[in-house]
Amino acid sequence: EEGVKSISQGTAGEIRAVGNGGYQNGKTAPGMGGGERRANSAEQEELFAEYRDEQREDRDPSAQPEADDPEMDRNKRNGATDRAAGSPRFSRKLALLNMLANGLMFAVAGFITYHCFNKAMVLFSWHPTFMVIAYLILMSQAVLTMSGTNYFTHRCSHRTKVYIHWVLQAVAGILISIASVCIFLNKIRLGKAHFQTLHGIFGLVTVCATLASIAGGVTTKYAFQLRAYVRPLYSKLGHGIAGTVTYLLGITTISLGVYGRWFQEDNDATVRLMLVLAIALIALYVIATPIVNTVQRIKTAARTTL
């Protein structure tokens, strides 16, 4: 066991040396300026968080001493699994809140989709359908997964959460692109001008911001490999801010679409107001934790930079 432990520590030290250039086996080495850097800096924590998670996940449970009480041993293993996943256990209230938020977003998306096809299936029908699925469901689930507030994925490891996040975002990006093409072709077919309403203008800005945010997500995913060009902390911070702004733009665009003429024909003011309030509640639940995390990253970036 001591041999395995020493090898593990040596490997971690070597990786720290590669990641920071000034670290040697967990110790600081003097740089060109003669100063020394703390080994437990916030940037170092950001760089090797995934490595530590993998070390905890790959740890052999057979090497742990067995407890006399089987129930206690099982509880310890469950606790270790939760810590390896990197997310706290869900309380009953939080689980109930998550279920309500998920049910609400599917109900709103289903209601809007129904009104897209209740009279006829035309080219325009696919525009609001794909947009509401992409932003209100897929992007919401992607954000909740990374923030650790998604009941369905909160026990997953960090690597699995990242995988689920980018898959959901990729599918959302495809649906958004298709929806944009549909409304563009529909305007041409009807001979109408483009981007003449507030909904249309917000939609254009939202789509552009979404594509930029997805591109930023790619750089964040490979932040360690790109650390020579930009600090991983800055990549995550920029992606978090861009993603939050983009999501709010998408929610605003959907809310404006609810007040469009096509939707007003079948729904009165009360129904539209209830839909907007439901969309606002969903957005509040989704972005609450990301905003807190972004503020913490801003403080960390300021502390390590100044």
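It should be emphasised that the depicted structure is a prediction, and the values quoted were computed from it without experimental measurement.

Novice: Please provide a residue-by-residue account of the overall build of the protein chain, values included.
Specialist: Counting its regular elements, the protein chain contains eleven helices and two strands. Going residue by residue from the N terminus, the α and β elements of the protein chain occur as α-β-β-α-α-α-α-α-α-α-α-α-α. A buried classification covers 37% of the 306 residues belonging to the protein chain. Put simply, 72% of the contacts in the protein chain that link residues at least 6 apart link residues at least 24 apart. With an accessible surface of roughly 18100 Å², the protein chain has 64% of that area assigned to carbon and sulfur atoms.

Novice: Break down the side chain of T129 for me, with residues and values.
Specialist: By the element assignment, T129 lies in helix α6 (residues 126-147). Of the polar contacts made by the side chain of T129, one reaches the backbone oxygen of S125; its length is 2.8 Å.

Novice: Before we move on, could you go through a nonpolar patch on the surface and cite the residues and values that matter?
Specialist: A contiguous nonpolar surface patch, about 580 Å² in accessible area, is contributed by V218, Y222, L226, Y229, V230 and Y234. Following the sequence through the fold, Y222 ends up in the loop between α8 (198-221) and α9 (232-258). A relative accessible area of 40% means that Y222 is categorised as partly exposed.

Novice: With reference to specific residues and values, describe the pattern of salt bridges.
Specialist: One pass over the structure, following the stated rule, counts two salt bridges. The shortest N-O distance in the salt bridge between K119 and E265 comes to 3.9 Å. Note that K119 is positioned in the loop between α5 (92-117) and α6 and E265 in the loop between α10 (261-264) and α11 (269-305), a separation of 146 residues in sequence. In this structure, K119 and E265 share a single accessibility class: exposed.

Novice: Can you lay out the UniProt feature "transmembrane region" (unreviewed entry) in the protein chain for me, pointing to particular residues and giving the numbers?
Specialist: When the UniProt feature table is mapped onto this chain numbering, "transmembrane region" (unreviewed entry) sits at residues 94-112, 132-152, 164-186, 198-219, 240-259 and 271-293. Along residues 198-219 one finds 100% helix and 0% strand; the C-alpha atoms at either end are 32 Å apart.

Novice: Please give an account of the nonpolar core that cites residues and values.
Specialist: Among the nonpolar cores identified, the biggest contains 37 residues, and V108, I112, L136 and Y247 are the most heavily contacted of them. Among the secondary structure elements, those contributing two or more residues to this core are α5, α6, α7 (158-190), α9 and α11. With twelve residues, α6 is the single largest residue contributor to this core. Residues in contact with L136, not counting those within four places in the same chain, are M105, V108, A109, M131, I251, I254, I279 and I282.

Novice: Describe the environment of L204, listing the residues and the values that go with them.
Specialist: Position of L204 relative to the elements: it lies in helix α8. Between the C-alpha atom of L204 and that of S180, which follows or precedes it by 24 residues, the distance is 8.8 Å.

Novice: Before we move on, can you summarise the confidence of the model for the protein chain with the specific residues and values?
Specialist: For the protein chain, the mean per-residue pLDDT works out to 78, and 70% of the residues sit at or above 70. The low-confidence segment residues 1-8, where pLDDT is below 50, has three contacts with residues more than four positions distant or belonging to other chains. Contacts of residues 60-87 to residues separated by more than four positions or lying in other chains number 21 contacts, the stretch itself having pLDDT below 50.

Novice: Talk me through the packing of α6 against α9; I want residue IDs and the actual numbers.
Specialist: Two packed helices can be described by the angle between their axes and the distance between those axes. Closest axis-to-axis distance for the α6/α9 pair is 10 Å, and the angle between their directions is 140°. Between α6 and α9, the angle falls in the class oblique. Remark: the crossing between α6 and α9 carries left-handed chirality. Contact with α6, carried on its side by M131, V132, Y135, L136, M139 and S140, involves Y247, G250, I251 and I254 of α9 and no other residues of that element. Residues that form the contact of α6 with α9 fall into these classes: eight nonpolar, two polar and no charged.

Basis of the calculations
Residues numbered from 1 in each chain as written. Predicted model: local features only at pLDDT ≥ 70, side-chain atom pairs only at ≥ 80, totals over all residues. Heavy atoms only, no water. Helix = DSSP H or I, 4+ residues; strand = E, 2+ residues; numbered from the N terminus. Buried < 20%, exposed > 50% of the residue type's maximum accessible area, 1.4 Å probe, protein only. Contact = heavy atoms within 4.5 Å. Areas by Shrake-Rupley, 256 points an atom, 1.4 Å probe, with all protein chains shown as cover. Polar contact = N/O pair within 3.5 Å; in protein donor to acceptor, adjacent residues only side chain to side chain. Patch = residues over 30% accessible without salt bridge, like charges linked within 9 Å, V, L, I, M, F, W, Y side chains within 5 Å. Salt bridge = Lys/Arg side-chain N within 4 Å of Asp/Glu carboxyl O. UniProt positions renumbered as here; feature names shortened; annotations may be inferred. Core = buried A, V, L, I, M, F, W, Y, C linked by side-chain atoms within 4.5 Å. pLDDT = per-residue confidence, 0-100. Axes fitted to C-alpha atoms, helices over the stretch in contact; angles between N-to-C directions. Parallel < 35°, antiparallel > 145°, perpendicular 65-115°, else oblique. Left-handed = near helix turned anticlockwise from the far one by under 90°. Nonpolar A, V, L, I, M, F, W, Y, C, P; charged D, E, K, R; others polar.

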